[in-house]
Protein chains: 4
Amino acid sequence: MNPHSARTAVRRRDFLAGSLCAFSWTMLEAGGLPAIAQSPPSAGPGSPRLIEDLVAANRILADQGIVDAFGHVSARHDTNPNRYFLSRSLAPGLVTTQDLIEYDLDSNAVNASGRAQYSERFIHGEIYKARADVRAVVHAHAPAVVPFGVSTVPLRPVSHMAAFIGDRVPIFDIRTAAGMTDMLVKDAARGHALAAALADRPAVLMRGHGMTVVGPALPFAVGRAIYLEANARIQLQAMALGGPVTYLDPAEAKAVMDSGENRSYERAWELWKQKVQAK
Amino acid sequence: MNPHSARTAVRRRDFLAGSLCAFSWTMLEAGGLPAIAQSPPSAGPGSPRLIEDLVAANRILADQGIVDAFGHVSARHDTNPNRYFLSRSLAPGLVTTQDLIEYDLDSNAVNASGRAQYSERFIHGEIYKARADVRAVVHAHAPAVVPFGVSTVPLRPVSHMAAFIGDRVPIFDIRTAAGMTDMLVKDAARGHALAAALADRPAVLMRGHGMTVVGPALPFAVGRAIYLEANARIQLQAMALGGPVTYLDPAEAKAVMDSGENRSYERAWELWKQKVQAK
Amino acid sequence: MNPHSARTAVRRRDFLAGSLCAFSWTMLEAGGLPAIAQSPPSAGPGSPRLIEDLVAANRILADQGIVDAFGHVSARHDTNPNRYFLSRSLAPGLVTTQDLIEYDLDSNAVNASGRAQYSERFIHGEIYKARADVRAVVHAHAPAVVPFGVSTVPLRPVSHMAAFIGDRVPIFDIRTAAGMTDMLVKDAARGHALAAALADRPAVLMRGHGMTVVGPALPFAVGRAIYLEANARIQLQAMALGGPVTYLDPAEAKAVMDSGENRSYERAWELWKQKVQAK
Amino acid sequence: MNPHSARTAVRRRDFLAGSLCAFSWTMLEAGGLPAIAQSPPSAGPGSPRLIEDLVAANRILADQGIVDAFGHVSARHDTNPNRYFLSRSLAPGLVTTQDLIEYDLDSNAVNASGRAQYSERFIHGEIYKARADVRAVVHAHAPAVVPFGVSTVPLRPVSHMAAFIGDRVPIFDIRTAAGMTDMLVKDAARGHALAAALADRPAVLMRGHGMTVVGPALPFAVGRAIYLEANARIQLQAMALGGPVTYLDPAEAKAVMDSGENRSYERAWELWKQKVQAK
């Protein structure tokens, strides 16, 4: 059975039933029907380097096991802060330059051209709106971080590579923000609530779902996602040993971040990028 | 020593000893002796897309670590609901179009042509008989799910990707159904008991053995098997943290399933299929 | 520094110091000096199929993560039960036909020709001596089984794939057999004590070291090593869930073994062999 | 955003602000500005075998998962004990002969030629200064060892492959040595304190950071790093079983080391090297 046909069939049925709450322009676009809403104007192409890095970021996250078929990564437009780039709805490991869509900060597509869009693009748009310092956003379901999102035990830095955590990673519980939902940050209100839970931090866990990680450039957001996942595995094991665990002191975490050593992920970015480009 | 010769020798000895309980037409077929029973008539070839997807499903499950040399996946015939396709006895990672056998719902082969058959094909036939909504069945021994099949701790959804679980995954204990056995669902009665334990759900654990997962199409059955395994790993780790764990609320699980977002595995199927076809 | 030179230097020093307890004909052979002892006569070449399977077994165990640079696998000669084949001292993943050495059951090499030998070949010889039913032996340090060798918690079957365990896997503690040693089964007395701990079973754990697994043919010994390792991982996780664990009943374990279904590893052997031969 | 530009910008800002504590000749060299300090004289090239092994060691540690983008390995110069070789600041998996820099034991570069240097090179220099027996040093963040660095539970030998541990691995807590820092061993004083914590042992854990492992030759330092990581995983699992754990007796550990069997990693080095050279 063709899964695409199954999806379309479901959508068409909902549409014909006149189910207003299930109906949206987004759904029409995703289904390939002609868009009626006006698209926002383009801010022009991003720099070749930004586009290349965004494609690399997609593939790096897949290669490092942070995303699987789901999850996504975006970059703020480098000449217009009111735009961002994000792939069409596609597994990150398959993303190429041609798959990138330009969005405004309300997550309206400039050039979707009927392509299916990530329903959770509002994660990106609302964070860019709330955080002028953020230029890259990663959303992922990395299995190692999910336990800390459903537990009362906070995710804290046990490794200096995760010093960016500071004292702990906050948790966004969509149930608190929006009641009993389908768990997806698929509208502006939910995206806004997620951005509020993130506040001025580099990462937020999403209960029963995954994480969202941000940074001042793609290597930061990608690198933080990778080392947040590593820190989760290490902390779980440290706690399993049974004795007390020594976390980074907040003063140490701050000193690590202030020193900047290794925190730019420059050395790592070179390795990660070379690895995915050699494939 | 040729393991095939060993197998044949054992079978021949049992046969010569006239061990009636070990004797069956199936065994004769598997051993390459001429079949005396009449094969059921064919319902014609499945659609090329179904056959391609079934071969892909076999290889995807191997590639994703859900099956190893054992385990199998079937699809209901797309033009005759009383037939299904399943590989001859072969490791799923090696399956090609030529290896598929057509079965009736009593799991009699239409065209085995003397090829060895999975002894547990009754898992598939009996579920297709009991569940008109099911069009694909996966049986696997994925190590991460086995612990939940031998424990009193239920497997519950901690990740929205496993919302299909609902409140918990039921366990089929073959000991309850059939006493002290060789653990294999190798006849219709055991298959029927397994289908009863599955009831109207998407998955059932098999104590000391593995899991069986179903869906309305191959991407659903395969995707659910993959994310059930992931959820098992996440839940184990969440519990290991020591504090209380927040599972998906049944209302959330229902909302996720109703929304259909990501639940068709459309995006994942494209990735998984491309990965195995590139090999 | 050339590690080979370092080894040779140490040996030569021991030799010149006249340290009788460190001196042996084996050491002379391993060091490349002319052997004075008479080599036992050859029983002729093994069958091409046995030799091919033994090379495959070495590579399969490496590919499946059961051995790393250490560990080894042997097969009893198929026309003379008083001889067995084992690689020269080499990482199993690198073994080819040319690396195989023929041994008598006292683990004297027929055709070492100055090649370095595994110091623990006595594991193999002494088990072949004690167990006429055994035709293949695997020795490995697979990390997942070592915890059960240093714990008071027995390794028991939680998966039907490890039914061969029976009720539990015995542990050989070399400290009990030989006092404070270098942990290696490097002489006949230690090999004899290990064979006694194995008794009539398919596997034995070695405290602080690894496991030794046997079978009536290479696919059995290799398959059992693979599924003993898998069972160890599953049991650890089942216990980590915190509740009581249901193990296979001894009657179930016996029924699985009696049925022979899957126990010949025929289907698995085809997959494993194809995988290493495609490399 | 180009991460390299970001780094340079930060450095330039610190420099212009006249921040003396952040200013150093090293930083100037790393930033590509002309070095004013006199470089120490070269002791000539290392032997081709040493250089080849050091490049291999970098790639082996990456291939075996002991280092990722971070971590480094050095070798003492084989004709002048007051010099050592270490890569320029680069992910170990990418290191080639051309990337090696010669250092004196104060960790001044002989031939950096403006190339960026590892800020933690003092780990290597200070250990070579303190330990005449050491000819190779590995520093890594292997996730499995970090839990033991932040726990009160000591890392002890449960596997004979880690007999070199002796009774336990000491922990270097940089907080004790230098107060609230950025966790990096980036000057001689910190390197000296680390060497003191290592004392006459083969390995030391670094709290919230990783490990440093030494040996009389590259295969020893690399092999010990690999098996220390394996031992950490095994010990964690053995403890998770819940019962008492039997560690190697110190007399056993000593006997293993005295026997020298397997401890030279000769067999492993051949496998590891062949694997990375085949890539």
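This section reports on the structure supplied with the text. (Residues numbered from 1 in each chain as written. Chains lettered and ligands numbered in written order. Predicted model: local features only at pLDDT ≥ 70, side-chain atom pairs only at ≥ 80, totals over all residues. Heavy atoms only, no water.)

Observations regarding the overall build of chain A
What chain A contains, in helices and strands, is 10 helices and 7 strands. Within chain A, the proportion of its 279 residues that are buried is 57%. Carbon and sulfur atoms make up 55% of the accessible area of chain A, which totals about 10,200 Å². (Helix = DSSP H or I, 4+ residues; strand = E, 2+ residues; numbered from the N terminus. Buried < 20%, exposed > 50% of the residue type's maximum accessible area, 1.4 Å probe, protein only. Areas by Shrake-Rupley, 256 points an atom, 1.4 Å probe, with all protein chains shown as cover.)

Here's the deal with the relation of the copies chain A and chain D
Laying chain A over chain D is done by rotating through 90 degrees and shifting 0.0 Å along the axis; what remains is an RMSD of 0.0 Å. In symmetry terms, the pair is related by a four-fold rotation axis. The C-alpha atom lying nearest the rotation axis in chain A is that of A:Ala240; the distance is 5.0 Å. (Least-squares fit on C-alpha atoms with pLDDT ≥ 70 in both.)

Notes on the pairing of strand S1 (residues 72–76) of chain B
Residue and element names in this part refer to chain B. Counted residue by residue, S1 has 5 buried out of 5 residues, so it is predominantly covered. Neither face of S1 is open: one carries His72, Ser74 and Arg76, the other Val73 and Ala75, and all of them are buried. Bridge analysis of S1 against strand S4 (residues 136–140) gives 4 bridges, and the strand direction is antiparallel. Following the sheet pairing, His72 is matched in S4 by His139. Pairing geometry for S1 and strand S2 (residues 83–87), over 3 bridges, is antiparallel. Following the sheet pairing, Ala75 is matched in S2 by Phe85. Between S1 and S2, which follow one another and run antiparallel, lie 6 residues. (Pairing = 2+ DSSP bridges.)

A few points about the interface of chain A and chain D
Quite often, the size of an interface is put as the accessible area lost when its parts meet. Tallying the contact residues gives 40 residues for chain A and 39 residues for chain D. Between chain A and chain D lies a buried interface of about 3,600 Å² when both sides are counted; carbon and sulfur atoms form 65% of it. It is A:Leu241, A:Glu252 and A:Arg267 that lose the most area in chain A upon contact with chain D, and together they represent 22% of the buried surface on that side. Linking chain A to chain D there are 2 salt bridges. (Contact = heavy atoms within 4.5 Å. Buried area = accessible area lost by both parts, 1.4 Å probe. Salt bridge = Lys/Arg side-chain N within 4 Å of Asp/Glu carboxyl O.)

Digging into the sheet that holds S4(B)
All names here are of chain B. Strand order across the open sheet formed by 7 strands is S3-S2-S1-S4-S7-S6-S5, with mixed pairing between neighbours. Unpaired on one side and paired on the other, strand S3 (100–104) and strand S5 (171–172) mark the two borders of the sheet. Contacting S5, strand S6 (203–206) and strand S7 (210–215), helix H7 (residues 188–198) runs over the sheet at an angle of about 125 degrees to S6. Strands in contact with helix H8 (residues 218–240) are S1, S4, S6 and S7; relative to S7, the strand with the most contacts, it is inclined by about 145 degrees. (Axes fitted to C-alpha atoms, helices over the stretch in contact; angles between N-to-C directions.)

Brief notes about the interface of chain D and chain C
Each side of the interface is counted separately: chain D has 38 residues, and chain C has 38 residues. Counting each side, the surface lost to burial between chain D and chain C is near 3,500 Å², with a carbon and sulfur contribution of 65%. Among the residues chain D hides against chain C, the three largest losses belong to D:His160, D:Leu241 and D:Arg267. Together they make up 22% of the total. The tally of links from chain D across to chain C stands at 2 salt bridges. The residue D:Glu252 makes a salt bridge to C:Arg175 at a minimum N-O spacing of 2.9 Å. Counting only elements with at least two residues in the side of chain D that touches chain C, the list comes to helix H3 (48–63), helix H8 (218–240), helix H9 (250–259) and helix H10 (266–277) of chain D.

Observations concerning the packing of helix H3 (residues 48–63) of chain B against H8(B)
All names here are of chain B. Running from amino to carboxyl end, H3 crosses H8 at an angle of 10 degrees, the nearest separation of the two axes being 10 Å. With respect to their mutual orientation, H3 and H8 come out roughly parallel. In this structure, H3 uses Leu50, Asp53, Leu54, Ala57, Ile60 and Leu61 to contact H8, whose residues at the interface are Leu218, Val222, Ala225 and Ile226. Among the residues making up the contact of H3 with H8, the classes are represented as 9 nonpolar, no polar and 1 charged. (Parallel < 35°, antiparallel > 145°, perpendicular 65-115°, else oblique. Nonpolar A, V, L, I, M, F, W, Y, C, P; charged D, E, K, R; others polar.)

Quick look at the pattern of salt bridges
Counted according to the given criterion, the structure contains 76 salt bridges over all chains. Between C:Asp173 and C:Arg207 there is a salt bridge, and its shortest N-O distance comes to 2.9 Å. Here C:Arg207 lies in the loop between strand S6 (203–206) and strand S7 (210–215) and C:Asp173 lies in the loop between strand S5 (171–172) and helix H6 (174–178), a separation of 34 residues in the sequence. Residue classification places C:Asp173 among the partly exposed positions, given a relative accessible area of 23%. Where D:Lys129 meets D:Asp106, a salt bridge forms, and the shortest distance between an N and an O atom there is 2.6 Å.

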